[in-house]
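# Coordinate analysis (summary)
Here's the letter readout for the chains.
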Amino acid sequence: MMFDKRILPLAIGGLAIGTTEFTIMGLLPDIANTLQITIPQAGHLIAAYALGVVIGAPILIGYSVKFPPKKVLLTLMVIFTIFNALSAIAPDYNSMLIIRFLSGLPHGAFFGVGTVVASRMAGKGKEALYISLMFTGLTVANLAMVPLVTYIGHAFHWRWYFAIVGVIGIATLLALKLWLPAMERKEDTHFLEELKFLKGKQSWLVLMITAIGFGGLFTWFSYITPLMTVVSKIESSYMAYVMILAGGGMVVGNLAGGFLSDKLGPEKTCVLLLFLMMCSLSGVFFLSEYQSISLVLTFICGALSMSVAAPINIMMMKAAPKSEMMAAAFMQAAFNIANAMGAFLGGIPLEHGLPYNYPSLVGVGMTVIGLSISIIYFYLYRSPNINDKEIAVECATCDQ
């Protein structure tokens with residue numbers, strides 16, 4: 001099958017969003033030095049962006065249901081591009097904090113609308129494929145753009161990082177204008193209708209698993225640069241290669257998560273992956289001083305950070321079949337609550353003078369909570385596997 005260029009604008013948008021969201025982790029010491037703040041304070045910039053995603057996703061989605069999707073996506077990307085460009089010239093910490101919050105507002109809404117647009121463009125039975133193609137932008141960002149921009153930020157200045165994101169934002173706008181087809185808005189969709197999925201316990205359990213359990217990995221990723229340079233004794237000039245290693249893990253993990261979800265079911269896969277997250281973060285805490293082991297754990301943690309995306313999104317689609325746009329936006333909000341909680345809670349031991357491997361210990365606690373919730377979800381809502389269906393058919397036959 002030939003590649004459908006209509007999906008390309010959404011993938012480029014994912015590239016822009018992934019680059020701005022994840023590159024900052026590798027440049028925290030540089031930003032802290034320029035703005036004359038501590039590294040934990042610089043970590044609050046991550047939390048500010050994530051808070052913008054959380055607040056912006058439901059509000060902007062609720063407003064955007066009144067307009068055609070193409071117009072909404074163009075508007076969201078204009079907001080994203082402007083505030084990322086302004087981040088490149090922010091004069092001090094307080095202004096940067098505000099701008100990073102505003103930069104995050106369109107993030108979740110873009111993916112929420114983009115998910116619905118991708119599924120509409122797909123042929124019958126290809127919806128998941130087109131949605132995954134949209135998220136390839138995030139994968140490429142972590143594999144290629146994040147290490148490249150991290151290197152540029154170290155070698156020249158971290159402000160180039162935001163300037164590059166602004167350029168990718170402009171490229172996204174051009175691609176949206178040229179290649180994204182015009183679509184009508186859903187006439188029967190209203191803000192309050194979209195929010196009805198929040199009345200169910202099933203949806204809230206999925207959001208809690210995402211926000212708390214996934215947040216454990218952000219305690220590690222938010223402070224990966226000082227962890228690797230101070231604890232693992234890796235030269236800062238090699239951090240771009242470390243980020244490539246983490247990005248390669250994310251590519252593998254994304255594919256593995258989808259494969260496992262198809263084979264085991266999303267609920268069982270989620271339990272397994274959260275258990276592995278708990279083990280890997282424990283390894284980071286105890287073994288990061290050993291450089292080779294630390295690099296292996298970087299790949300593993302990178303893989304686990306993306307592996308949960310497929311099963312957890314399938315679980316949310318099951319929980320909110322009639323509110324897919326708002327549910328997709330809330331999932332982005334939940335992932336960014338995880339981002340904010342990981343950066344904030346992971347910074348607490350650092351503010352008390354503990355070593356840079358201690359944020360991962362906080363992450364272990366978060367994954368234990370997420371694992372507990374996912375086990376509860378598994379027993380309440382698990383999908384029947386093939387053997388269960390075969391048994392049910394046999395029993396029905398016997399009854400007849």
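As the structure is a prediction and not an experimental result, all values here were calculated from the model.

Conventions used here
Residues numbered from 1 in each chain as written. Predicted model: local features only at pLDDT ≥ 70, side-chain atom pairs only at ≥ 80, totals over all residues. Heavy atoms only, no water. Helix = DSSP H or I, 4+ residues; strand = E, 2+ residues; numbered from the N terminus. Buried < 20%, exposed > 50% of the residue type's maximum accessible area, 1.4 Å probe, protein only. Contact = heavy atoms within 4.5 Å. Areas by Shrake-Rupley, 256 points an atom, 1.4 Å probe, with all protein chains shown as cover. Phe/Tyr/Trp six-rings, centres within 6.5 Å; stacked < 30°, edge-to-face > 60°. Lys, Arg positive; Asp, Glu negative; His and termini not counted. Salt bridge = Lys/Arg side-chain N within 4 Å of Asp/Glu carboxyl O. Polar contact = N/O pair within 3.5 Å; in protein donor to acceptor, adjacent residues only side chain to side chain. Expected span 1.5 Å × (residues − 1). Core = buried A, V, L, I, M, F, W, Y, C linked by side-chain atoms within 4.5 Å. Bend = angle between axes of the 7 residues up to and from the residue.

Assigned secondary structure in the chain consists of 19 helices and zero strands. Counting across all 400 residues of the chain, residues that qualify as buried make up 56%. In the chain, 84% of the contacts between residues at least 6 apart in sequence involve partners at least 24 apart. In the form shown here, the chain has an accessible surface area of approximately 17300 Å², with 69% of it arising from carbon and sulfur atoms.

By the secondary structure assignment, methionine 366 is in helix 18 (residues 358-381). Judged by relative accessible area, which is 5%, methionine 366 ranks as buried. Between the alpha carbons of methionine 366 and phenylalanine 214 there is a distance of 8.0 Å; along the sequence they are 152 residues apart. Not counting chain neighbours up to four residues away, the residues in contact with methionine 366 comprise Ala211, Ile212, Gly213, Gly215, Gly216, Thr219, Met341, Gly342 and Leu345.

Moving on, we get to the packing of aromatic side chains. Each aromatic ring pair is characterised by the separation of its centres together with the angle its planes make. Throughout the structure, instances matching the rule amount to twelve aromatic pairs. Measuring from ring centre to ring centre gives 6.1 Å for tyrosine 238 and tyrosine 241, while their planes differ by 45°; the resulting arrangement is tilted. Here a set of aromatic residues connected by ring pairs shows up, and it is made of Trp158, Tyr161 and Phe162.

Once that is clear, we can look at the side chain of aspartate 30. By secondary structure assignment, the location of aspartate 30 is in helix 2 (residues 28-35). Salt bridges are absent for the buried aspartate 30, whose nearest opposite-charge side chain, arginine 159, sits at 12 Å. One polar contact links aspartate 30 to histidine 154, side chain to side chain, over a distance of 3.1 Å. Those residues in contact with aspartate 30 that sit more than four places away from it in its chain are Gly153, His154 and Trp158.

Here we come to helix 10 (residues 201-213). Over its 13 residues, helix 10 extends 17 Å from the first C-alpha to the last, a length consistent with the 18 Å expected when each residue adds 1.5 Å. Where burial is concerned, most of helix 10 is hidden: ten out of the 13 residues are buried. Taken together, the buried positions of helix 10 are occupied by Gln202, Ser203, Leu205, Val206, Leu207, Ile209, Thr210, Ala211, Ile212 and Gly213. On its buried side, helix 10 packs onto helix 11 (215-221), helix 14 (266-287), helix 16 (309-319), helix 17 (324-351) and helix 18.

The next subject is the nonpolar core. By size, the foremost hydrophobic cluster in this structure holds 117 residues, and its most contacted members are Leu10, Phe110, Trp220, Ile312 and Met316. At twelve residues, the largest contribution of residues to this core is made by helix 17. Here methionine 316 is in contact with Phe197, Ser203, Val206, Leu207, Ala327 and Met331, once residues within four sequence places are set aside.

The subject of this paragraph is unusual backbone geometry. We note that glutamine 36 has phi near 60°; this positive angle belongs to a residue other than glycine. By the element assignment, glutamine 36 lies in the loop between helix 2 and helix 3 (39-64).

Our focus in this paragraph is helix 7 (residues 136-155). If you check helix 7, its first and last C-alpha atoms are 27 Å apart, about what 20 residues at 1.5 Å a residue would give, namely 28 Å. A bend of about 45° at asparagine 142 is the largest found in helix 7. If you check which residues of helix 7 are buried, you get Gly137, Leu138, Thr139, Ala141, Asn142, Met145, Val146, Pro147, Val149, Thr150, Ile152 and Gly153.

Read these as geometric descriptors, not functional statements.
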